[in-house]
Protein chains: 4
Amino acid sequence: MTAARLRGVVPPIVTPFTESGQVDVASLERLADHLVVSGVHGVFVLGSTGEVAYLADRDRALVTRTVVASVAGRVPVLGGAIDFTAARVRDQVASIVEAGVDGVVVTAPIYALNDTAELERHFRDIAEAAGKPVYAYDIPARVRTKLPADLLVRLGAEGVLAGVKDSSGDDVGFRRLVAANRAAGAPLSLLTGHEVVVAGMLLLGADGVVPGLANVDAAGYVRLWECASAGDWAGAEREQRRLADLFEITAQARGLSPDAAGVGAFKAAMRAQGLIAGAGMAFPVSALSADAVDRVEAITRAAGLPIAVPFEVLQ
Amino acid sequence: MTAARLRGVVPPIVTPFTESGQVDVASLERLADHLVVSGVHGVFVLGSTGEVAYLADRDRALVTRTVVASVAGRVPVLGGAIDFTAARVRDQVASIVEAGVDGVVVTAPIYALNDTAELERHFRDIAEAAGKPVYAYDIPARVRTKLPADLLVRLGAEGVLAGVKDSSGDDVGFRRLVAANRAAGAPLSLLTGHEVVVAGMLLLGADGVVPGLANVDAAGYVRLWECASAGDWAGAEREQRRLADLFEITAQARGLSPDAAGVGAFKAAMRAQGLIAGAGMAFPVSALSADAVDRVEAITRAAGLPIAVPFEVLQ
Amino acid sequence: MTAARLRGVVPPIVTPFTESGQVDVASLERLADHLVVSGVHGVFVLGSTGEVAYLADRDRALVTRTVVASVAGRVPVLGGAIDFTAARVRDQVASIVEAGVDGVVVTAPIYALNDTAELERHFRDIAEAAGKPVYAYDIPARVRTKLPADLLVRLGAEGVLAGVKDSSGDDVGFRRLVAANRAAGAPLSLLTGHEVVVAGMLLLGADGVVPGLANVDAAGYVRLWECASAGDWAGAEREQRRLADLFEITAQARGLSPDAAGVGAFKAAMRAQGLIAGAGMAFPVSALSADAVDRVEAITRAAGLPIAVPFEVLQ
Amino acid sequence: MTAARLRGVVPPIVTPFTESGQVDVASLERLADHLVVSGVHGVFVLGSTGEVAYLADRDRALVTRTVVASVAGRVPVLGGAIDFTAARVRDQVASIVEAGVDGVVVTAPIYALNDTAELERHFRDIAEAAGKPVYAYDIPARVRTKLPADLLVRLGAEGVLAGVKDSSGDDVGFRRLVAANRAAGAPLSLLTGHEVVVAGMLLLGADGVVPGLANVDAAGYVRLWECASAGDWAGAEREQRRLADLFEITAQARGLSPDAAGVGAFKAAMRAQGLIAGAGMAFPVSALSADAVDRVEAITRAAGLPIAVPFEVLQ
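First, a word on what this report is: a plain description of the structure on this page. None of the values given here were measured: they were computed from a predicted structure.

## Section: the environment of A:Glu98
Residue and element names in this part refer to chain A. Along the chain, Glu 98 falls in helix 3 (residues 86–98). The class for Glu 98 is exposed, based on a relative accessible area of 73%. Sequence-wise, Glu 98 and Gly 231 are 133 residues apart; in three dimensions their C-alpha atoms are separated by 40 Å.

Structure follows, in C-alpha cells:
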C-alpha cells in the first residue's frame, strides 16, 4: 500500500490538547500508534476532524511530525494542506512534506469564488510543486465548492491527482464519480468520508474510507473493511450498523456548533476509553456539557467498547 | 477622523500585478495616492477586492507596507487580517499592525463551523491582542456565517469592536443593525460594502461605505458622500445612479467566476484610465476576454470617466 | 391610478379568522375599508401575508369577493393567483377575476424546477388568458426561483407584465431592475415588498411598496409615500425609522415559524388597535404566546399607535 | 402486500401526453399494465416524475382513474396529494381516494414557512381525514423542508403515517431514519427515491424504492430487488451498476431545466422502447433536442434495452 494507491481505512486523526490548550504530543503519539496497531491502512493528519482550521502553522508542523514519527512508515501518512489558494497551499504542502507525509490532501480554493477552469489550474499548480501524491478533498459544507467529477477523473488520468476524499454528502454524485473513474481505468483512489454509509459505498466501489469515528473505534472499521473485501456484505452491514449506532454520540450536544458537537463527541468517547488524556477542544470551540459526556459514554459502552478506568487514576 | 471612528468613503484597494504575476508596487503606490488625493476618508487594504485570498504572507506584508507608506498618515489605513480562526488571525493582525495599519478587519471563522458563543470568543480574543481598532467583516458569501446584529452591538458597546463592514447583501439586516447601534449610543462605525445602494444606506444611517468600485471612480463616491452629508438626497441619488450604471462593468464577463468578473472589471476600467499599469489577476483567476474589456471600457467612458492614452505609450 | 400603472402604497391585506377558524368576513370588510380610508393606493388580496397558502379555493374566493366589495372601486384591488404552474394558475386567475380584481399577481412556478425559457412561457401563457394586468411576484424564499431582471423588463416592454412585486430581499438586484426598466421606457410598475427599506427604495426609483406592516399602520406608510413624493427625504426617513422600530413586532416570537411570527405579530398588533376582532391564524400555524403578544403591544404603543379598548368590551 | 406495508419496487409512473398536450390515456393504461407485468410491487401516481405540478385537477383525476383501472388491484396504487397546506391537501386526498388509490403521498407544506410543531399538525390532520395509509414525501429540493426523522418515526408509531418516500438525497439521514424506525418496531415502510444507490439503501435496511428510472427499465429494478431479497449483494450491485449507467440519460440535456432533462430523458427512452407513443412534456417544459434524444437512445441501447421499431411504423 502506498500513498498513491490508497485503499482501506484511513482515519482523520484528531488533535488532542492539554488542559492549557497546547497540542498533547504524548496522547497524539499514543493515538497514532493505536490506530496502526488496530489495523488501519493509512492515517490522515490535519483534516477537519484534526481541527486543522484552529491550528497555527507551528502546531500544524508539530502535529505532522509527531504522527509521522509515531506511525514510523508502517502505513502511509496523508497530510492536509488546507489554506485559501494555491500560493498559500504550496507553502503548507512544503511544510508537511518536509515533516514527512507520504501524500497531501487539498481542497478547492477557500474564500475565493472560482470556476472550473480556475479549479483545474489550482490543482495542477499544487500538484506540480508537491512532489507527493495529491488527494482532492471535496467538502462543500466548509469550502462552498462541489468538485466536478469529470474534472477529478481527468486530472486523475493525467497523474495530477492520486485520489479523492469525498465528504460532500452527495452519494449519488459519488456513484457517478466511481463510474467515471472506472471507465477511465480507475486512476483515482476514491475514499468516502461518511462514517455511516461505508458498507454501501464499498459495495458500489469505493476504494476506502476516511471515518472520523475510527478515532473512537478503529477496529470496527477494519472489521467492516475486511468483511467487504471478502464479499461478506451482510457481515459488513452488521458492523456498519453497530458503528452507525455509535455515531449517535455526535448528536448528543444539540445546542452546540457542529465542530463542538462532532469532534467533541469523538474526544469524549476516546477519553472514556483511555485513548487520549483529555477531551479539550481548540480555541474557541465550546466543551460538551457533563450531561452530554454522560450520554456519549453510555452510547460508547452500548456499542461494546471498553470504558477505561478513569485516565487520571492511571497516571 | 481616526480608525476608531471611521466615516465616509473607504475604498478596498485592489492589488495590481505585473505581467509576471508579482505585486506591482509602483502602480499600488500611485493608486493609493490617487485615492487619497481624490478625497477618500480611509483606505482598506487586503480585502476581498484586494484579492487577499490569493496572496502569500510575504505579499500581504508587501502590499500593506506599500499602501501605508503611500498614504503617509493622510487618512487611516485599515487592513484585512483574513485567516481561518483566532490562532491564525492573531498572526495576521500582528503582521499588518507591524506594517503600520491603523485598524484591522476580521471575518467570522472560516472553514470552521461555529456558533454565536464561539464567534464572540473569536472576536474578543483577537481584539485583546490587536492593540488597534477591530472591524468585523460580515461577508457570508465567502465565509458562510452571517454575524448577528445583537452580538456586534454588544461587542461595540464594550469597546471590543470599533465597527462593521457589512458585505452581507442583507439590507433589512443592515437597517436593524443601524437601529440597534443607535439605541446603544452608536458605539460602532457601520460601513456598507454594496456599491449600488449607498445613497439609501446613508439615508438610513450608515456611517460610510467601502465600495470596490471606488477604485474606478473615487471622486464619484466622494461627491455622493458630500451630497448625503449636506442632506441633498436627490443629488446623492443622481450620483449613485451614475455609479450604478458604471457598476455594470462587473456584469460584462458572464462566463467567468465572480472573482474574475468583478475584480477583473475594476482592473480593466482602472487600466483604461491609466490608474494602474496592467489588469493582471492573481493566479489562478482568469483574465477578461478582449470583448469584455471593450465593453468595460465603453461603460467606463459612458459614465464620464476619462479613458487615458494607452499606458504603454506613456512609459 | 389603475391596476396597470400602480404607484404608492398597496398593502397585502391579512385574512382575519374567527375563533372557529372561518374567514372573519366582518373584520375583513372593516379592515379593507380602513385601509382605503387611510389613503392607500391599492389593496393586494391573497398574498403571503394574506396566508394564501392556507386557504382552500372556496375561502380564496370568499376573501376576494369580500375585499372587492368593501373597497368598492375606490382603489384598484390586486389578487394573488398562487398555484403550481400555468395550468393551475389560469384557474386561479379566472376565479379571482370573476370575483372582481383589477389585476393579478403571479409567482414563478412552484414545486416545478424550471429554467428561464420555461419561466417566460409561463408568464406569457397566464397573461394571455388573464384579461387583466399581470404582476410578477418575485419571492424566492417561498418559490426558490429568483426572477431575472432582463426577462421581466422584456415582458414589460411587450405588455405581457404590468409590474413586479419584489420580495426577494436582493436590493442590489432591485436597483438593477429599476435601471433596466427606466432604460426601456419604464413599462413596469416596480413595487418593493420590504417594509423597512422603503425610503431608500423610493429614493432609487421604486414606484411603490407592498408592506405587510401597512395592515398595522397604513397611515404611516401613506405619510412616508407623501414625503418621498414631495422630495422630503429626511421626512420620509423619519417616518421609515418609526415604522422600522414598529416592524420589530415580527421578532418577538423567536421560537415560532416565520409564518407564525410574522403574520401573527401583525394580527396581534391589529387586534390591539381594534382593527380586527381576533388574532387567529390559519391551520396549522401556531399562535403567539401571551408574553409575545404583550411585547408586540408594547412596541405598537411605543410607535405611537392607539391601543384600543379591548375588543370584547366593544361588542 | 398492502398499501400500509409496502415493500419492493414502486415506480412513480410518468404521465404521457399526446401531441396536442392532452393526457395520453391509451399510453398511460399500457404503461401501468407493463409495470405490473414486469413485476413491480406497487405504482405511485401523481409524483414529481408524473409531472403532478403541471396537472390541473381534472387531469390529476383522469390520470389516477386510468392507472387504478389498468392496475386493477394487482398491486397497490399510491397517489400524490400534492398541494400547499392541509386545507388544500385534504381536497386532493378526497379526490384521489375517490378515484381508487390505496394510499396517499403527502409532502411538507409548500410555499408556507412552518416549524416542526406545525408539520406535525399538518400530517395528523391529513391522516385523520384520509381513511387510507398516508406516506410522507420528503423532497426538500422542491418544498424546502427536510422532514425530521424523529417526527416521522413518532407519527409512524402512532399509526398516523404508514411510511416515507425519501427523495432528500441525504443518505446519512436515511440511515438514521432506518435505525430510529427499527428501534421503534419498524412501524414505517421506508422507501428511497434515489435510483442509483438502491443496492446500498436496501443493504442498510430500506423497505423498497420508488425509482423514476423504473419507468424505463422496470424489470431491472425488480431483478435488483430480488437479488437483494436473496442476500445476493454482488448480484444486486451488478444490476445497480447497469441501471446507474442507464441513469446517465438524465445528464444528456445539460442546458435544460431539471424537469425537462430528467423526465424528458425518461420519456425519450420509453418512447424508444415503444412503451409510450410520444415523449411530449407538460406545458411549459422544454423538449429535448434531437441530439440529446440520440444520446439517450444510445445509452438505452447500451444498457441492453430493446429499441423498438419506430412507434409511428407500428400504428
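## Quick look at the arrangement of the chains
As for chain C relative to chain A, no contact occurs, and the smallest C-alpha gap between them is 14 Å. Spatially, chain B and chain D are disjoint, and the shortest separation between their C-alpha atoms is 14 Å.

## Concerning the packing of helix 6 (residues 149–157) of chain D against helix 7 (residues 171–183) of chain D
Residues and elements named next belong to chain D. Here helix 6 crosses helix 7 at 30 degrees, and the two axes come no closer than 9 Å. As far as their axial angle goes, helix 7 and helix 6 are roughly parallel. Between helix 6 and helix 7 lies a crossing of right-handed hand. Contacts from Ala 149, Leu 152 and Val 153 in helix 6 reach Leu 177, Ala 180 and Asn 181 in helix 7.

## A look at the sheet that holds strand 7 (residues 189–192) of chain D
Residues and elements named next belong to chain D. A sheet is described by the order of its strands in space; here 8 strands give the open sequence 1-8-7-6-5-4-3-2, paired in parallel fashion. Of all strands in the sheet, those bounded by a partner on one side alone are strand 1 (8–9) and strand 2 (43–45). As paired elements, strand 2 and strand 3 (residues 77–80) share 3 bridges and run parallel to each other. From the neighbouring strand, Val 43 faces strand 3, where its bridge partner is Val 77. The strands touched by helix 3 (residues 86–98) are strand 3 and strand 4 (103–107); relative to strand 4, the strand with the most contacts, the crossing angle is about 155 degrees.

## Regarding the relation of the copies chain A and chain B
For the pair chain A and chain B, the superposition axis carries a translation of 0.0 Å, the fit reaches an RMSD of 0.0 Å, and the rotation angle comes to 180 degrees. Within this description, the copies of the chain are treated as partners about a two-fold rotation axis. When the interface residues of chain A are mapped onto chain B, 100% of them are again interface residues, pointing to one common binding face.

## Some points on the relation of the copies chain C and chain B
You can overlay chain C on chain B at an RMSD of 0.0 Å; the transform is a turn of 180 degrees with a shift of 0.0 Å along its axis. A share of 100% of the interface residues of chain C reappears at the interface of chain B, consistent with the copies meeting face to face through the same patch.

## Side note on the sheet that holds strand 2 (residues 43–45) of chain B
Residue and element names in this part refer to chain B. Taking strand neighbours across the sheet as the criterion, the 8 strands line up as 1-8-7-6-5-4-3-2 in an open arrangement whose pairing is parallel. With one partner strand each, in any of the chains shown, strand 1 (8–9) and strand 2 form the two edges of the open sheet. Contacts from helix 3 (residues 86–98) reach strand 3 (77–80) and strand 4 (103–107) within the one sheet, and its direction differs from that of strand 4 by about 155 degrees. Against the sheet, helix 4 (residues 116–130) engages strand 4 and strand 5 (134–138), with an angle of about 160 degrees to strand 4.

About the criteria used
- Residues numbered from 1 in each chain as written.
- Chains lettered and ligands numbered in written order.
- Predicted model: local features only at pLDDT ≥ 70, side-chain atom pairs only at ≥ 80, totals over all residues.
- Heavy atoms only, no water.
- Helix = DSSP H or I, 4+ residues; strand = E, 2+ residues; numbered from the N terminus.
- Buried < 20%, exposed > 50% of the residue type's maximum accessible area, 1.4 Å probe, protein only.
- Contact = heavy atoms within 4.5 Å.
- Axes fitted to C-alpha atoms, helices over the stretch in contact; angles between N-to-C directions.
- Parallel < 35°, antiparallel > 145°, perpendicular 65-115°, else oblique.
- Left-handed = near helix turned anticlockwise from the far one by under 90°.
- Pairing = 2+ DSSP bridges.
- Least-squares fit on C-alpha atoms with pLDDT ≥ 70 in both.

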